[in-house]
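The primary structure of each chain is shown beneath.
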Amino acid sequence: MSALQQMADKLADDVLAAEAELGDDRFYEKVSEILMAASPTFQEAYMTSIRVRLAERRGREFLERALAAKRGGGVVPAVPEAPPENETIGSGH
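On a predicted model such as this, the values are computed, not experimentally measured, just so you know.

Undergrad: Please clarify how the pattern of salt bridges should be interpreted in this entry.
TA: Side chains that carry opposite charge are capable of pairing whenever their charged atoms lie near each other. Under the criterion given, the structure shown has 7 salt bridges. Residues R53 and D9 are paired through a salt bridge, measuring 3.7 Å at the closest nitrogen-oxygen approach. A residue pair is termed long-range when its members are at least 10 positions apart, and R53 in helix α3 (residues 40-71) and D9 in helix α1 (residues 3-22) qualify at 44 residues. What makes R53 partly exposed here is its relative accessible area of 22%. The shortest N-O distance in the salt bridge between K10 and D14 comes to 2.9 Å. You can see K10 and its partner D14 sitting in helix α1, 4 residues apart, about one turn around the helix. Salt bridges sharing common partners tie together D9, D13 and R53.

Rules and cut-offs
- Residues numbered from 1 in each chain as written.
- Predicted model: local features only at pLDDT ≥ 70, side-chain atom pairs only at ≥ 80, totals over all residues.
- Heavy atoms only, no water.
- Salt bridge = Lys/Arg side-chain N within 4 Å of Asp/Glu carboxyl O.
- Helix = DSSP H or I, 4+ residues; strand = E, 2+ residues; numbered from the N terminus.
- Buried < 20%, exposed > 50% of the residue type's maximum accessible area, 1.4 Å probe, protein only.

These values are about where atoms sit, not about what they do.
The structure is reproduced here in structure tokens:
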């Protein structure tokens with residue numbers, strides 16, 4: 001892994017961890033704007049890290065709901081529909 005990606009991954013982890021404390025679940029977008037002005041290359045690496053983490057979070061939440069339903073004797077939830085093409089991965093997380 002490159003130094004650039006390592007830095008982007010670390011920043012993404014820190015920003016997503018800080019969102020709850022800050023009470024702003026879109027704070028990562030504000031950081032992205034700052035990065036774009038400083039380094040578009042770093043901003044893209046950061047946003048890739050954010051997208052991967054948000055996708056993993058959504059997948060994990062679905063897995064946990066499905067397992068809870070199955071273990072509780074309920075119906076396993078249906079696979080959610082994919083978001084519209086113009087909706088970002090971070091929407092509604």
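What follows continues from the structure just given.
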